[in-house]
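# An overview of the molecular structure
Residues per chain, in single letters:
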Protein chains: 2
Amino acid sequence: MSQKEIPYKIYLEEQEMPKQWYNVRADMTNKPAPLLNPATWQPMTAQELGKVFCDELVKQELDDQNPYIDIPVEIRNFYKMYRPSPLVRAYCLEKKLQTPAKIYYKFEGNNTSGSHKLNSAIAQAYYAKKQGLAGVTTETGAGQWGTALSMACAYFELDCKVYMVKVSYEQKPFRREVMRTYGASVTPSPSETTAVGRKILEEHPGTTGSLGCAISEAVEAATSTEGYRYVLGSVLNQVLLHQSVIGLETKAALDKYEIVPDIVIGCAGGGSNLGGLISPFMGEKLRGERDYKFIAVEPASCPSLTRGRYVYDFCDTGRVCPLAKMYTLGSGFIPSANHAGGLRYHGMSSTLSQLYADGLMEARSVEQTAVFEAAQQFAKVEGILPAPESAHAIRVAIDEAIKCKETGEEKTIVFGLTGTGYFDMKAYERFNNKEMVDYIPTDADLEAGFAGLPQK
Amino acid sequence: MSQKEIPYKIYLEEQEMPKQWYNVRADMTNKPAPLLNPATWQPMTAQELGKVFCDELVKQELDDQNPYIDIPVEIRNFYKMYRPSPLVRAYCLEKKLQTPAKIYYKFEGNNTSGSHKLNSAIAQAYYAKKQGLAGVTTETGAGQWGTALSMACAYFELDCKVYMVKVSYEQKPFRREVMRTYGASVTPSPSETTAVGRKILEEHPGTTGSLGCAISEAVEAATSTEGYRYVLGSVLNQVLLHQSVIGLETKAALDKYEIVPDIVIGCAGGGSNLGGLISPFMGEKLRGERDYKFIAVEPASCPSLTRGRYVYDFCDTGRVCPLAKMYTLGSGFIPSANHAGGLRYHGMSSTLSQLYADGLMEARSVEQTAVFEAAQQFAKVEGILPAPESAHAIRVAIDEAIKCKETGEEKTIVFGLTGTGYFDMKAYERFNNKEMVDYIPTDADLEAGFAGLPQK
């Protein structure tokens with residue numbers, strides 16, 4: 001451990017920012033399983049994927065060999081507008097907890113989209129623009145990804161069509177307006193604009209939509225419109241690649257002060273933040289250079305890693321997407337309506353699933369009341385009002401710091417603070433009013449989800 | 001001009017952060033006029049002011065002699081959690097405008113309160129705690145100040161009672177919940193909890209409240225409760241003093257790269273941000289060391305500097321506060337209901353008013369549609385979604401940069417980006433839907449406001 005005084009916030013200099021992304025798959029002995037064509041159960045070819053995704057992104061999606069991939073200068077210039085993000089020493093939280101642990105968090109919320117999603121959105125928009133496309137389509141639930149993508153598309157003057165889960169469209173008008181301010185068109189999903197949307201509306205006239213359904217619509221809109229491709233903000237290998245900028249900056253900042261973390265913690269929905277944060281540390285572990293403890297934190301109400309099955313499953317409800325091998329609760333699984341903490345995706349990144357299956361990473365599930373308690377405690381002492389998603393990581397970081405207090409161990413804990421909670425005040429309101437309840441799916445609930453898994 | 005390459009964001013090191021605030025009054029030949037007791041029209045004494053404000057803050061309020069005042073280490077430690085704020089070179093905006101001007105903005109929105117208000121909130125909470133008080137009271141309109149103060153009070157474990165203008169309380173539930181998450185109690189104003197509130201409710205049963213009325217209630221609540229004092233987020237000399245941290249950091253960052261601005265621009269409601277930003281530059285101008293052009297930007301719908309009178313007026317509607325000499329529209333003036341851009345206060349800081357009266361500063365008024373156009377243009381290229389207040393400064397910065405394009409002048413423009421617009425999406429929605437209209441008060445409207453000015 002260095003004798004240098006650690007500032008509250010460690011900022012890298014602009015010239016210290018990563019110039020390459022790190023591709024953790026290159027260092028994995030057991031590679032993540034490939035995407036399969038659901039009709040043939042054969043690996044998706046680049047040509048097949050190219051109908052849905054930009055060519056350069058297809059290359060990145062399939063590349064499990066090259067450890068480093070150059071970040072184009074146009075993307076690096078955009079990164080410079082809101083990155084490097086600070087690595088913060090949580091001095092005030094440590095003091096409050098009276099723990100000997102040293103706690104750091106990488107804060108990704110200091111941009112208008114409010115989360116780390118922008119790291120991949122700008123990359124995907126760039127490659128779409130470079131390919132000469134007219135626009136991209138996507139889905140969004142709570143709206144973090146849609147917001148990030150609309151910012152990225154505004155920057156590159158690219159059209160952006162967002163399918164927003166209807167219930168969010170109606171209940172989160174502010175997110176919608178941020179996207180519209182950036183020039184995106186936002187359609188509540190399911191909608192009459194796609195065949196899959198019309199089919200769902202016919203079968204379930206009163207439905208308020210789901211993420212899986214919005215994905216199906218966005219994919220159809222992209223593949224049926226000349227000059228458009230579909231983009232996705234999580235789960236995919238390419239997304240983890242772009243998000244490695246989080247981990248690379250974190251590691252560079254720690255290295256500057258000769259700090260070595262014992263535990264690295266991240267919340268996990270589809271895996272974009274966790275995968276990005278742990279990548280370079282995981283690389284060291286895979287190469288046998290250093291050991292770390294990694295903890296993925298997921299909501300007890302959507303426990304894909306801790307209670308899911310590691311099998312091939314659909315990525316969307318409409319079943320128009322390829323199959324991915326992942327820890328999954330079944331593509332029909334929908335968390336209880338009272339779940340307010342985000343991280344609602346039924347599956348988990350194939351890369352993270354493989355690492356978890358290989359015992360290289362732990363997972364923990366937490367209940368939402370405890371998550372919001374941690375969020376409030378953190379906000380009061382560290383100032384930042386966290387997104388509910390991020391607060392999952394805070395919960396476990398606090399738990400680990402309290403363990404250190406009990407054992408006297410001076411562990412160094414790093415966690416990812418993915419974003420801010422400005423657009424989640426409805427959930428905070430329920431918490432403030434003590435109306436929030438916890439929900440853990442029963443085994444029968446899970447069995448119902450597993451029953452929808454695809455059969456070869 | 002330096003040959004060093006200017007990064008997108010200039011961050012000071014932690015040890016380069018200011019250790020003293022700068023008190024511009026010390027360098028003014030014509031001091032700002034003192035606060036007067038409305039009953040006697042005699043200057044308020046420290047003893048009188050001490051019934052409303054903390055003792056240390058009264059000292060700061062009355063001190064027009066000492067140019068530098070130490071920032072206590074406890075406040076500096078809190079500043080370290082969210083400061084230094086970045087000084088950003090607006091490369092992308094310059095490119096978009098094709099201007100030879102060099103544009104910089106000091107971004108104060110990277111904290112949960114979303115604005116610069118936290119700079120003074122933490123100072124005021126600290127002095128209240130140091131004095132052994134149980135809590136503080138305040139008013140809030142849109143909620144930036146209330147949010148900042150509730151964060152500051154949570155940090156020092158001080159009770160915080162916020163009177164929130166009723167219409168905002170109902171229409172901005174998210175701001176309210178942020179305050180509650182930080183442990184503040186939030187009361188819609190006018191309320192039954194104070195005599196002045198009950199009186200207003202009796203006279204105007206359907207009223208949705210006003211800032212001036214909420215101030216009256218907060219002052220009454222403070223002065224009638226043992227162990228409480230009132231705090232205010234703008235207008236006062238002490239607030240400008242605390243906010244000088246903005247200008248000091250800006251100047252230090254510019255000095256690092258040997259950059260000298262030609263024009264410094266800030267939005268102006270009560271003057272907290274503008275006063276803080278320009279203070280150290282104004283000091284140089286007052287001491288004859290260097291000349292700068294300063295532009296205060298205010299909404300055309302609430303034009304205190306450009307169309308107000310420089311006279312003694314009440315600071316609040318209930319007329320329980322001292323009289324201040326300032327550019328004012330009259331304490332009864334309320335901007336049109338369609339005005340969405342913030343900066344609604346009827347008067348202007350006495351310090352800034354004096355500087356303006358002495359010709360040391362210019363003022364410009366802008367209409368809200370043009371302000372939101374600037375906001376959107378800025379958001380699309382610079383990524384940050386600005387608060388409507390901040391967008392007033394953006395509007396004039398863009399106007400000045402366009403002038404440079406026409407004349408070919410390579411002027412250096414610095415403006416204050418006071419905060420983010422996450423809680424202002426209702427206003428953006430109106431803009432996006434092209435439902436926003438402009439409003440300029442008629443001379444008759446202004447005369448009605450002036451008619452309520454106090455007579456000696």
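The model shown is predicted, which means the values in this text are computed figures rather than measured ones. (Residues numbered from 1 in each chain as written. Chains lettered and ligands numbered in written order. Predicted model: local features only at pLDDT ≥ 70, side-chain atom pairs only at ≥ 80, totals over all residues. Heavy atoms only, no water.)

Residues and elements named next belong to chain B. Relative orientation of the contacting elements helix α15 (residues 368-382) and helix α16 (residues 388-407) amounts to 85°, with a least axis distance of 8 Å. One way to sum up the angle between α15 and α16 is to call them roughly perpendicular. In contact with Ala370, Val371, Phe372, Glu373, Ala374, Ala375, Gln377 and Phe378 of α15, α16 contributes Pro388, Ala391, His392, Ile394, Arg395 and Ile398. Its residues placed into classes, the contact of α15 with α16 shows ten nonpolar, two polar and two charged. (Axes fitted to C-alpha atoms, helices over the stretch in contact; angles between N-to-C directions. Helix = DSSP H or I, 4+ residues; strand = E, 2+ residues; numbered from the N terminus. Parallel < 35°, antiparallel > 145°, perpendicular 65-115°, else oblique. Contact = heavy atoms within 4.5 Å. Nonpolar A, V, L, I, M, F, W, Y, C, P; charged D, E, K, R; others polar.)

Bringing the pattern of salt bridges into the picture now. Enumeration according to the criterion identifies 54 salt bridges over all chains in this entry. Between A:Glu177 and A:Arg176 there is a salt bridge, with its nearest N and O atoms 3.3 Å apart. The exposure class assigned to A:Arg176 is buried, which follows from its relative accessible area of 11%. Measuring nitrogen to oxygen at the nearest pair gives 2.8 Å for the salt bridge that ties B:Arg287 to B:Glu289. What emerges from the salt-bridge pattern is a single network uniting A:Arg176, A:Glu177, A:Arg180, B:Lys426 and B:Glu429. (Salt bridge = Lys/Arg side-chain N within 4 Å of Asp/Glu carboxyl O. Buried < 20%, exposed > 50% of the residue type's maximum accessible area, 1.4 Å probe, protein only.)

The next subject is the packing of helix α2 (residues 55-62) of chain A against helix α11 (residues 237-256) of chain A. All names here are of chain A. Contact geometry of α2 with α11 gives a least axis separation of 7 Å together with a crossing angle of 90°. Classified by the interaxial angle, the pair formed by α2 and α11 is roughly perpendicular. Across the interface between the two elements, Leu57, Gln60 and Glu61 from α2 touch Asn237, Gln238, Leu241 and His242 from α11. Classifying every residue of the contact of α2 with α11 gives two nonpolar, four polar and one charged.

Turning our eyes to something else, we now look at the packing of aromatic side chains. Residue and element names in this part refer to chain A. Tallied over the entire structure, the rule returns 43 aromatic pairs over all chains. Measuring from ring centre to ring centre gives 6.1 Å for Phe378 and Phe415, while their planes differ by 70°; the resulting arrangement is edge-to-face. Taken together, the residues Phe378 in helix α15 (residues 368-382) and Phe415 in strand β15 (residues 412-417) connect sequence positions 37 residues apart. Residue classification places Phe415 among the buried residues on the basis of a relative accessible area of 0%. Members of the aromatic cluster, each reached through a chain of ring pairs, are Phe78, Tyr79, Tyr82, Tyr126, Tyr127, Tyr155 and Phe156. (Phe/Tyr/Trp six-rings, centres within 6.5 Å; stacked < 30°, edge-to-face > 60°.)

For the rest of this paragraph, the subject is the side chain of B:His339. All names here are of chain B. Examined against the element boundaries, His339 turns out to sit in the loop between β13 (323-328) and α14 (350-357). The class of His339 is buried, set by a relative accessible area of 4%. Among the polar contacts listed, one links the side chain of His339 to the side chain of Ser301, at a separation of 2.8 Å. Beyond its immediate chain neighbours, meaning those up to four positions away, His339 contacts Pro299, Ser301, Arg344 and Gln368. (Polar contact = N/O pair within 3.5 Å; in protein donor to acceptor, adjacent residues only side chain to side chain.)

Next up on the list: the environment of B:Ile6. Residue and element names in this part refer to chain B. You can see Ile6 is positioned in the segment before β1 (9-10). You can call Ile6 buried: its relative accessible area is 7%. On a C-alpha basis, the gap between Ile6 and Met44 in space is 48 Å, while along the polypeptide they are 38 residues apart. Not counting the four nearest positions on each side in its chain, Ile6 is found in contact with Arg89, Tyr91, Tyr104, Tyr257 and Ile259.

All right, on to the sheet that holds strand β8 (residues 185-189) of chain B then. Residue and element names in this part refer to chain B. Ordered in space as β8-β7-β6-β9, the four strands form an open sheet in which the pairing is parallel. This sheet does not close on itself; its edge strands, each paired only once, are β8 and β9 (228-230). When the angles between neighbouring strand axes are averaged without regard to direction, this sheet yields 25°. Of the strand pairs in this sheet, strand β7 (residues 159-165) and β8 are connected by five bridges, and their pairing is parallel. Among the inter-strand pairings, Val165 is bridged to a residue of β8, identified as Ser189. With respect to the sheet, helix α6 (residues 144-156) is in contact with β6 (135-140) and β7, its orientation differing from that of β6 by roughly 165°. The sheet strands contacting helix α10 (residues 211-223) are β6, β7, β8 and β9, and the helix crosses β6 at an angle near 170°. (Pairing = 2+ DSSP bridges.)

Below, the discussion takes up the interface of chain A and chain B. Contact residues are listed per partner, giving 45 residues for chain A and 45 residues for chain B. When the two sides are added together, the surface that chain A and chain B hide from each other amounts to roughly 4300 Å², 55% of it contributed by carbon and sulfur. Counting across the chain A and chain B interface gives four salt bridges. In this structure, B:Lys96 and A:Glu157 form a salt bridge, with 2.8 Å as the shortest nitrogen-oxygen distance. Remark: the boundary between chain A and chain B carries 29 residue pairs in polar contact (both at pLDDT 80 or more). Residue assignment for the side of chain A that touches chain B shows that the elements contributing at least two residues are α3 (73-82), α4 (91-97), α6 (144-156), α8 (173-181), α15 and α17 (425-432) of chain A. Ranked by the residues each element gives to the side of chain A that touches chain B, the list is headed by α8(A), at six residues. (Buried area = accessible area lost by both parts, 1.4 Å probe.)

What follows concerns the relation of the copies chain A and chain B. Once chain A is rotated about the relating axis by 180° and shifted along it by 0.0 Å, it coincides with chain B to within an RMSD of 0.0 Å. The symmetry that links the two subunits is that of a two-fold axis. In terms of proximity to the rotation axis, the leading residue of chain A is A:Asn110, whose C-alpha is 3.0 Å off the axis. (Least-squares fit on C-alpha atoms with pLDDT ≥ 70 in both.)

Bear in mind that shape data such as this cannot, by itself, settle questions of function.
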